[in-house]
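Coordinates in review
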Amino acid sequence: MGYLARRLGQPAVLGELLGGILLGPTLLGAFAPQAHALLFPLDKAVATSLDALLKVGMLFFMFAAGLEVNLVHVRRHPRVIALTSLGGGAVPLVLGYAMVALFPGLWGQQSRPDLLALFIGAALSISALPVIARMLMDTRLIDTQIGATVMASAMANDVIGWSLFALILHDLSPGQADSNLAVALALVLGFAALVLGVGRWLLQPLLHQARYFKDWPGGLLTFLAALVVLAAVGAEHAGIHGIFGAFLVGVAFGQDREPDQDQRIHDMIQPFALNFFAPLYFVSVGLKADFSGQFDGPLVLWVFLVACLGKILGGSLGARLGGLSGREALAVGVGLNARGAVEIVLASVALEQRLIDQRIFVALVAMAFATTLISGPLLQRLVAPLRRTNP
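Note that residues are indexed from 1 along each chain, following the sequence as it is written. In keeping with the model being predicted, local features are shown solely for residues with a pLDDT of at least 70 and side-chain atom pairs are shown and tallied solely at 80 or more, while totals for entire chains, interfaces and linings include all residues. Note that water and hydrogens are dropped before the side-chain values are worked out from all heavy atoms of the structure.

Considerations on the packing of aromatic side chains
In summary, the pairing rule links any two rings of Phe, Tyr or Trp, Trp by its six-membered ring, whose centres are within 6.5 Å, and it sorts them by plane angle into stacked for under 30 degrees, edge-to-face for over 60 and tilted for everything else. Scanning the entire structure with this criterion turns up four aromatic pairs. Ring plane angle 55 degrees and centroid distance 5.0 Å describe the contact between Phe-276 and Phe-277, whose orientation is recorded as tilted. Burial classes: relative accessible area under 20% of the type maximum marks a residue as buried, over 50% as exposed, and values in between as partly exposed (1.4 Å probe, protein chains only). On the basis of relative accessibility, which here comes to 43%, the residue Phe-276 falls in the partly exposed class. Ring pairing ties together the aromatic residues Phe-60, Phe-276 and Phe-277, which thus form one cluster.

Below, the structure is given as structure tokens:
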């Protein structure tokens, strides 16, 4: 299914999600329950093993996503990136929070409506860096000002969105509900500074010494895998989800601008994470979502419209104020609107932590699916006249 999606010009994640939906309770489980039970037995040992495999896969996927972040972009166009990041993050955050606060009946009975409102705002403010990077490569925009603005702004939105989500998870953790918000924020920022600053400074020189791995088959992969797991453990001890630690380690090593070493890490991790773990994980997302029994049309429509309005309006307004032309600014907003895989990871963790129910989970997955589907073609149409003007 991932291959078919690529053949149709769409990200593979869409095909993987659709494959999970076809095999899950939405279709196979509804029309052939015996075949579904045969494929997915309820044996506890099997379910536990699969859950562990998927959790490890999520860590490596987020590490691979972090490798795509390039902090150098921030220094090239600081004003337009700052304004685009502000608009593309703040507008969907406010609209998402307001959607929950003003229409509580849409979301059902909630024990912590304040946390749900903050989560929806954070979820709508996040983009999907791996999907965006691939989309910009396909449209040959990755090395243009539009591409740099989209990537850097998406990275800034993701850091803020994931930090908010980390604080929400910290508040949901046992014994943390009454903890001081300032202390929780300090833990999140302190851990990020430790990984991106001290950790990178200490460990990257080891990667530049090829002799350390010359006589150790698979040594580089083992070394990076150990760092990902240790960072996940450290994040859990800091009161945030382990995927945040894996993402930060990816960001840290993604800043290594030595071409040979940078290519070695990508060649080692990307096939491993994106071609093995990622398909398993996103198929499992489709298996979790019951679109037939839990699909709430009004909720899905509201989430989709507010997500698109917030990102496209906020990102475009920020880019326009930063000095881009109207069409360029709109292209930036459309580029930021792709949610994709990262949004689904976020929703999956929230479902696991019981912050959201199946209805909200299905709405977020449908929104991620739809925004990823429309962003590429829309961006292509917007930049075509720009290419004719500036070939």
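Continuing now.
A look at the side chain of Thr-26
Runs of H or I in DSSP of at least four residues are treated as helices and runs of E of at least two as strands, each being numbered from the N terminus. Mapped onto the elements, Thr-26 comes out in the loop between α2 (12-23) and α3 (28-31). A contact between two residues is defined here by any heavy atoms of the two lying within 4.5 Å. Those residues in contact with Thr-26, other than ones at most four positions away along the chain, are Ile-21, Phe-31, Ala-289, Asp-290, Phe-291 and Ser-292.

Quick word on helix α16 (residues 297-321)
Side chains three or four residues apart in an α-helix point the same way, a direct result of the helix having 3.6 residues per turn. Helix span is expected to be 1.5 Å times the residue number reduced by one. The end-to-end C-alpha separation of α16 is 36 Å, in line with the 36 Å expected for 25 residues at 1.5 Å each. Among the residues trailing α16, Gly-323 stands out with phi positive, at a value near 120 degrees.

Re the pattern of salt bridges
Every case where a carboxyl oxygen of Asp or Glu lies within 4 Å of a side-chain nitrogen of Lys or Arg is listed as a salt bridge. Counted by the stated rule, this structure contains five salt bridges. Put simply, Asp-51 and Lys-55 hold a salt bridge, and the shortest N to O gap is 2.8 Å. Of this pair, Asp-51 and Lys-55 are both found in helix α5 (residues 44-67), four residues apart, which corresponds to roughly one turn of the helix. Notably, a salt bridge pairs Arg-359 with Asp-357, separated by 3.8 Å at the nearest N-O pair. Salt bridges sharing common partners tie together Asp-51, Lys-55 and Glu-352.

Things to note about the side chain of Glu-343
By secondary structure assignment, the location of Glu-343 is in helix α18 (residues 340-352). In this structure, Glu-343 is buried with no salt-bridge partner, the nearest side chain bearing the opposite charge being Arg-339 at 4.2 Å. Residues within four places of Glu-343 in sequence aside, it is in contact with Ala-123, Leu-124, Ile-126, Leu-364, Met-367 and Ala-368. The charge count includes Lys and Arg as positive and Asp and Glu as negative, but it does not include His or the ends of the chains.

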